[in-house]
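Listed below are the residues making up each chain.
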Amino acid sequence: MRLSPKVLLIDPVRMLPSLLLPLVGVLFVGGFSGRSYLWAALGLVGTVAFAVVRWATLTYEVLGDRLEIRRSLVSRSVRTIPLERIRGVDVSTPPLHRVLGLAVLKIDTGASGGDEEGRLDGVTLGEAERLKAVLLRRARPADGGGVPVPAAGPLAGEAPAARPSGRTIIEVPRMWLLYGPLSGAYLLTPFALAGGAVGLAFQWGGDFGFGRDAAWTAGEWLWHHPYLLLGVAVLLVLAMPFAGGAMYAVFNWDFRLMERDGYLVAERGLVNRRSVSLESRRVRGYEIVEGFAERWAGVVRVWAIVTGLGDSSTRGQLLPDVPRPVAFQVTADAIGPYRAGLRPHPPIARNRRLFRAIFPWAALTVLAVLGEAVTGSPLWWFLAVPALLLAILGVPLGIDRYRSLGHGYDGVRLAVRSGSLRRSQAVVERRAVVGWRVRQTWFQRRAGVFTLIAGVGAGKGGYEAVDVSRAQVVGLPVEVTPDWVTPFLPGAGSEGRSSAVARPEESSVGTGSEGSSVRAGSEERPSAVARPEARPPVGAGDAPGGGDGEGRSRASDDRRAAGGGAPTS
């Protein structure tokens, strides 16, 4: 099968920016004569001919358990994508495609990093939906034996499948788009636009008589009129929330999260409507992110933690800025609830954050005062006063950073949280943990704290519990993965490891050596050490309430946790 012939109307338009300068150059060199117009017309005809040849030599087909994309322009190439390797299929409709009823279909297998594995640019909307249904309705584990069984579905050449129905989890109200400027991601939009305009002026300036000498003269004139520069900077700063909010609305317009045929489907976008599908059985948790302004307004953003997902920072987004209770409700419904509080870290962690937030600015203040005393120049006060103010502001900042620390476990899911200006809380399932790593810097060794990293085969690959105590760095792995760790602890029995690891503080988990780790062994042993008693939670407001939205394989873990073993919060 080939792409829609309508794509031939799009390719020349997309090539026009790159052809504009050569065509204008031909007209200028030829003095706008008849011959110059003829050469320009031949260039346009060649561009259209190239687009036709490229369209005619690109074919795709679903053959059994694989998708083949063939190109045969000069040399023949065949890209084969096994259906069982597909992690997601995205459908987007840029403006020109939407006018012509076309779409761009991107296939992600997780094997190409942030780039899509396959791309079909110019299929009809009906064909995009049919291909998406075929590619996603592939081999699934059987109910009993776990052997993959191909699911029935239409193949190439069959009638287009009807749009699959699903359950809508949330439709973000348009009123919530007003939270967009709080995220900070779009606030620099005016400066980006201004920088792009300057770049275009330097790139095309030579063709319109605006060369390097003219740019240097304009720069000298602006240097002698600093108030104009200040006014432009003020206007750009004032435009930040408005331009940022507009860009945020364009990208997240009519955001909708649905559950359809075993996939979480997120649709969004005003100019370029985009649909992203995440396979539910590969979702291992979620990450809740909130900046300082978002915390003040009580809104958060949510990303899914998925195995084998390329470009997770964009494709993995489950929610834009929404109120915190709504985010907890949606994550509990779509992925699963976290039913415990967060445990506080030792007081020495608070001292470390206060020191790092105050000491640099206090030292700079002292140096500035000494400089003023030695030189007698009052200019040193322009450095001392701001540094002193920042040192004073470091007190609440350090305390807030400490209060943001926390970790917990509810019998099914592990949670870690850190950060202040950008606070992040990751919640991952126990089955996603593939190992533990303990890291300890020189300053942490002096303070007697550790950084415990839970290795996860999804998302970022590891999530940190920063500045935990010696008891916590041993107790949390024992609680989450007792079968891995208890053979190295006292009381494991005569069949356990050597008695050389008799005490936790002398074991590989608690030594604090750089890169020490505990991983699953070749065999599993029953737990011989009781789980440590629960620590008091940081606060009930940090975790969502109850609620059950699982309905998948993880439901058995929830029932096991409800029967006992979850820490008290």
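Residues numbered from 1 in each chain as written. Predicted model: local features only at pLDDT ≥ 70, side-chain atom pairs only at ≥ 80, totals over all residues. Heavy atoms only, no water.

Chemist: Provide a residue-level description of the pattern of salt bridges, including the pertinent values.
Modeler: For the structure shown, the criterion picks out 25 salt bridges. Note that Asp11 is salt-bridged to Arg54, the shortest N-O span being 3.5 Å. With Asp11 in helix 1 (residues 11–29) and Arg54 in helix 2 (residues 34–56), the pair connects residues that are 43 residues apart, well separated along the chain. Look at Asp11 and you get buried, because its relative accessible area is 6%. Between Asp400 and Arg295 there is a salt bridge; the shortest N-O distance is 2.7 Å. In this pair, Asp400 is assigned in helix 12 (residues 381–404) and Arg295 in helix 8 (residues 292–297), connecting sequence segments 105 residues apart. Since its relative accessible area comes to 21%, Arg295 is described here as partly exposed. Beyond isolated ion pairs, a larger network of salt bridges with shared partners links Glu61, Arg66, Glu68 and Arg70. (Salt bridge = Lys/Arg side-chain N within 4 Å of Asp/Glu carboxyl O. Helix = DSSP H or I, 4+ residues; strand = E, 2+ residues; numbered from the N terminus. Buried < 20%, exposed > 50% of the residue type's maximum accessible area, 1.4 Å probe, protein only.)

Chemist: Account for the packing of aromatic side chains, with residues named and values stated.
Modeler: Applying the stated criterion across every chain, the model contains 2 aromatic pairs. Consider the rings of Trp442 and Phe443, whose centres lie 5.1 Å apart with planes at 85 degrees: the pair is edge-to-face. Its end group placed over the ring of Tyr402, Arg350 keeps NZ or CZ at 5.6 Å from the ring centre. (Phe/Tyr/Trp six-rings, centres within 6.5 Å; stacked < 30°, edge-to-face > 60°. Lys NZ or Arg CZ within 6 Å of the ring centre and 35° of its normal.)

Chemist: Go over the sheet that holds strand 2 (residues 66–72) with me, naming the residues and quoting the values.
Modeler: Paired through their backbone hydrogen bonds, the strands of a sheet run either parallel or antiparallel. In space, the 3 strands of this open sheet follow the order 1-2-3, with antiparallel pairing throughout. Each edge of the open sheet carries a strand with a single partner, namely strand 1 (58–63) and strand 3 (76–82). The average undirected angle you get between the axes of adjacent strands in this sheet is 15 degrees. Pairing of strand 2 with strand 3, which is carried by 7 bridges, proceeds in the antiparallel orientation. Pairing of Glu68 across the sheet is with Thr80, part of strand 3. (Pairing = 2+ DSSP bridges. Axes fitted to C-alpha atoms, helices over the stretch in contact; angles between N-to-C directions.)

Chemist: I'd like a description of the sheet that holds strand 17 (residues 413–418), backed by residues and values.
Modeler: Here 6 strands make up an open sheet; going across it, the order is 15-14-13-18-17-16 and the pairing antiparallel. The open sheet has two free edges, formed respectively by strand 15 (317–323) and strand 16 (406–409), since each of these has just one partner strand. Taken over all neighbouring pairs, the strand axes of this sheet differ in orientation by 15 degrees on average, direction set aside. Relative to strand 17, strand 16 runs antiparallel, the two being bridged by 4 bridges. From the neighbouring strand, Gly408 faces strand 17, where its bridge partner is Ala415.

Chemist: Describe helix 10 (residues 324–334), listing the residues and the values that go with them.
Modeler: Within the sequence span of helix 10, burial applies to Arg324, Ala327, Phe328, Val330, Thr331, Ala332 and Ala334. With its phi angle positive at about 150 degrees, Gly336 sits one or two positions after the end of helix 10.

Chemist: Any chance you could break down helix 11 (residues 347–375) for me, citing the residues and the numbers?
Modeler: With 29 residues, helix 11 ought to run about 42 Å at 1.5 Å a step, and its terminal C-alpha atoms sit 42 Å apart, in line with that. Ile358 marks the point of greatest bend in helix 11, at about 30 degrees, and the proline Pro360 comes within the next four residues. Among all positions of helix 11, only Ala349, Arg352, Arg353, Ala357, Thr365, Ala368 and Gly371 are buried. Residues of helix 11 that are buried sit in contact with helix 12, helix 13 (442–447) and strand 21 (462–468). (Expected span 1.5 Å × (residues − 1). Bend = angle between axes of the 7 residues up to and from the residue. Contact = heavy atoms within 4.5 Å.)

Chemist: How would you sum up the packing of helix 11 against helix 12? Please name residues and give values.
Modeler: Contact pair helix 11 / helix 12: the axes reach a minimum separation of 8 Å and the direction vectors enclose 175 degrees. Compared by their axis directions, helix 11 and helix 12 come out roughly antiparallel. Its residues assigned to classes, the contact of helix 11 with helix 12 comprises 20 nonpolar, 3 polar and 4 charged. (Parallel < 35°, antiparallel > 145°, perpendicular 65-115°, else oblique. Nonpolar A, V, L, I, M, F, W, Y, C, P; charged D, E, K, R; others polar.)

Chemist: So what about the environment of Pro22? Which residues, and what values?
Modeler: Mapped onto the elements of the fold, Pro22 is located in helix 1. For Pro22, a relative accessible area of 44% gives the class partly exposed. Sequence-wise, Pro22 and Gly43 are 21 residues apart; in three dimensions their C-alpha atoms are separated by 9.2 Å.

Chemist: Outline the pairing of strand 5 (residues 102–108), listing residues and values.
Modeler: Of all 7 residues that make up strand 5, 6 are buried, and the element is covered over most of its length. Relative to strand 5, strand 4 (residues 88–93) runs antiparallel, the two sharing 5 bridges. By the bridge assignment for strand 5, Ser92 is matched with Val104. One ladder, built from 6 bridges, connects strand 5 with strand 6 (residues 118–124); its direction is antiparallel. By the bridge assignment for strand 6, Val104 is matched with Asp121.

Chemist: Describe the environment of Gly419, and please don't skip the residues or the numbers.
Modeler: Topologically, Gly419 is positioned in the loop between strand 17 and strand 18 (422–429). Judged by relative accessible area, Gly419 falls into the partly exposed class, the value being 25%. C-alpha of Gly419 to C-alpha of Gly291: the two residues are 128 residues apart in sequence and 9.2 Å apart in space.

Chemist: Provide a residue-level description of the side chain of Arg70, including the pertinent values.
Modeler: Structurally, Arg70 can be placed in strand 2. Residue Arg70 is classed as buried on the basis of its relative accessible area of 18%. Within the structure, the side chain of Arg70 is placed 2.6 Å from the side chain of Glu68, a separation counted as a polar contact. In this view, Arg70 contacts Thr57, Leu58, Thr59, Glu61, Leu63, Arg76, Ser77 and Val78; residues no more than four positions away in its chain are not counted. (Polar contact = N/O pair within 3.5 Å; in protein donor to acceptor, adjacent residues only side chain to side chain.)

Chemist: How would you sum up the nonpolar core? Please name residues and give values.
Modeler: Counting residues in hydrophobic clusters, the biggest one holds 31 residues, and the most contacted among them are Leu257, Leu264, Leu278, Leu318 and Leu319. Of all elements in the fold, only strand 9 (167–171), strand 11 (263–268), strand 12 (273–279), strand 13 (283–291), strand 14 (299–306), strand 15 and helix 10 reach the threshold of two or more residues within this core. Filtering out sequence-adjacent residues up to four positions away, Leu319 remains in contact with Ile170, Phe255, Arg301, Val302, Ala327 and Val330. Residues Val473, Trp484, Val485 and Leu489 belong to the second largest nonpolar core, which totals 26 residues. (Core = buried A, V, L, I, M, F, W, Y, C linked by side-chain atoms within 4.5 Å.)

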